[in-house]
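Coordinates in review
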Amino acid sequence: MGNAELQSIHVHPVKAFRGVAPREAVVEPWGLAGDRRWALIDDGGKVVTQREEPRLALAAAEPMPGGGVRLSAPGQEPLTVLVPEPGATVPTHVFGTKVEAVLASDAAHDWCSAYLGTDVRLAHMDDPATRRPVDPEYALPGETVSFADGYPLLVTTVASLDALNSLIAQGDGAAEGPLPMNRFRPNVVVAGTEPWAEDDWARIAIGEVAFRVAKASGRCVVTTTDQDTAVRGREPLRTLARHRRFGTRLLFGQNLVALTPGIIRIGDPVRVLT
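Residues numbered from 1 in each chain as written. Predicted model: local features only at pLDDT ≥ 70, side-chain atom pairs only at ≥ 80, totals over all residues. Heavy atoms only, no water.

1. Some points on the pairing of strand β15 (residues 209–218)
Note the threshold: Working definition: with a 1.4 Å probe on protein chains only, accessible area under 20% of the residue-type maximum means buried, over 50% means exposed, and in between means partly exposed. For the purposes of this entry, the term helix denotes a DSSP run of H or I that reaches at least four residues, the term strand denotes a run of E that reaches at least two, and both are numbered from the N terminus. A pair of strands is labelled paired if DSSP reports no fewer than 2 bridges between them.
By the criterion of burial, β15 is predominantly enclosed, with nine of the ten residues buried. Here strand β14 (residues 203–206) pairs with β15 via four bridges, running antiparallel. Residue pairing in the sheet places I206 in a bridge with V209 of β15. Between β14 and β15, which pair antiparallel one after the other, the connecting turn spans two residues, and G207 there sits at a positive phi close to 60 degrees.

Here's what the structure looks like:
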């Protein structure tokens, strides 16, 4: 793969909120440390994402020492939320999967509800080692995941985004492009590959940390949401439908599961193992 390297790292402490881009991150079995350990749920326990509430793109979550988060959003005073004390859990539902989680403080619920204008609660995954298995169709025994859509990490490549933007520029959606990488909300972004090289990866290493590629990432309406304005368009789904449709799925990026623990850093070499 030549001189491929890790270009950026992205951690989203609260699912669907804006995250942070650290220079290094600890890789845990269920994802990057602190990534998507928190999520909003509605009255029925269903996890709320940008699919239902695109304005979540404008809300930010910054990790705090001890696992807490500092929340900020337009029109809201920032709020620091501490990890809730161990106690009773409530059932949440992530794309049909039941996951037990611990509720945050009433102040956190009020803050999030006031921002969205609808009743939501903030929940914390207290024990990602046991709470939520990876989809058994694509998992090895014992693999677990946080509140991420389905897998511990998502990798995308700069070359594939460039290729996609070239296709967008040639089509009906040219006015919407070029799109930034944050539309795809990856955890790790790799530079120095050929376009779509990730389609053929089975196992890769980022620095000293090895990962297996679980499956390609099927994309949803969130990718059409401008992460700086929360306004939705038609791209990239329109162009993906024409050029990256595999069965019923529109693919961009690959889902990863860590095979070894460790720390990844911007600039780490990325190698294809198999």
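2. Thoughts on the pattern of salt bridges
Note the following rule: Between Lys or Arg on one side and Asp or Glu on the other, a salt bridge is scored when a side-chain nitrogen of the former is within 4 Å of a carboxyl oxygen of the latter.
Tallying each qualifying case throughout the model produces twelve salt bridges. Among the ionic pairs, E24 bridges to R265, the shortest N-O distance being 3.2 Å. You can see E24 sitting in strand β2 (residues 24–28) and its partner R265 sitting in strand β18 (residues 262–265), a full 241 residues away along the chain. Overall, E24 belongs to the partly exposed group, its relative accessible area being 44%. Since its relative accessible area comes to 38%, R265 is described here as partly exposed. The shortest N-O distance in the salt bridge between E52 and K46 comes to 3.0 Å.

3. Examining a negative patch on the surface
Just so we agree on the cut-off: Each patch groups residues whose relative accessible area exceeds 30% and which form no salt bridge, using 9 Å between like charges and 5 Å between nonpolar side chains of Val, Leu, Ile, Met, Phe, Trp and Tyr. Accessible surface is estimated by sampling points in the Shrake-Rupley manner with a 1.4 Å probe; for residues, cover comes only from the protein chains shown. By the counting rule applied here, Lys and Arg register as positive and Asp and Glu as negative, while His and the ends of each chain are not counted. Where a charge lies is defined by one atom per residue type: Lys uses NZ, Arg uses CZ, Asp uses CG and Glu uses CD.
A cluster of acidic side chains, namely D43, D106, D110 and D119, defines a negative patch on the protein surface. Here D110 is to be found in helix α1 (residues 106–116).

4. Remarks on the sheet that holds β2
Judged by pairing direction, the sheet is antiparallel, and its three strands sit side by side in the order β3-β2-β18 without closing on themselves. Of all the strands in the sheet, the pair left with one neighbour each is β3 (31–32) and β18.

5. Remarks on the side chain of T92
Threshold: In what follows, a contact means two residues having at least one pair of non-hydrogen atoms within 4.5 Å.
Within the secondary structure, T92 sits in strand β9 (residues 90–94). Apart from residues lying up to four places away in sequence, T92 is in contact with I41, G45, T97, K98, V99, A101, A123 and F147.

6. Focus: the pairing of β9
Burial along β9 is one-sided: V90, T92 and V94 are buried, while P91 and H93, pointing the other way, are not. Sheet analysis places β9 next to strand β10 (residues 97–103), joined by five bridges and oriented antiparallel. The residue bridging H93 from the neighbouring strand is K98, located in β10.

7. Observations concerning helix α2 (residues 158–170)
Just so we agree on the cut-off: Multiplying 1.5 Å by the helix residue count minus one yields the expected span of that helix.
Taking 1.5 Å of rise per residue, 13 residues should cover 18 Å, and α2 covers 19 Å from first to last C-alpha, within 8% of that figure. Of the positions making up α2, those classed as buried are A159, S160, L161, A163, L164, N165 and I168. Contacts made by the buried residues of α2 are with β12 (153–157), α3 (237–243) and β17 (249–258).

8. With respect to the sheet that holds strand β11 (residues 121–124)
Filter applied, for reference: To obtain an axis, a line is fitted to C-alpha atoms, over the contacting stretch when the element is a helix, and the angle between two such axes runs from 0 to 180 degrees between their N-to-C directions.
Spatial ordering of the open sheet is given by β5-β4-β11-β10-β9, a layout of five strands whose pairing is antiparallel. Two strands lie at the open edges of the sheet, namely β5 (47–48) and β9, each paired on one side alone. For β10 and β11, the ladder comprises two bridges, and the chain directions are antiparallel. Note that in β11 the partner of L103 across the bridge is A123. Contacting β4 (38–41), β10 and β11, α1 crosses the sheet at an angle of about 130 degrees to β11.

9. Quick word on the packing of aromatic side chains
Put simply, the rule reads: Here a Phe, Tyr or Trp ring, Trp counted by its six-membered ring, pairs with any other such ring whose centre lies within 6.5 Å, and the pair is stacked when the planes are under 30 degrees apart, edge-to-face when over 60, and tilted otherwise. Only when the NZ of Lys or the CZ of Arg is both within 6 Å of the ring centre and within 35 degrees of the ring normal is a charge said to sit over the ring.
Applying the stated criterion to the full structure yields three aromatic pairs. Ring centres of W196 and F252 lie 5.9 Å apart, and the angle between their planes is 90 degrees; on these two criteria the pair is classed as edge-to-face. Placement of the pair is W196 in the loop between β13 (188–191) and β14 and F252 in strand β17, with a sequence separation of 56 residues. Comparing W196 with F252, the two get one shared label, buried. Members of the aromatic cluster, connected to one another through ring pairs, are F184, W196 and F252. A cation over a ring is seen here: R55 above Y115, with NZ or CZ 4.1 Å from the ring centre. Looking at K215, its charged tip hangs above the ring of Y138, at a distance of 5.2 Å from the centre.

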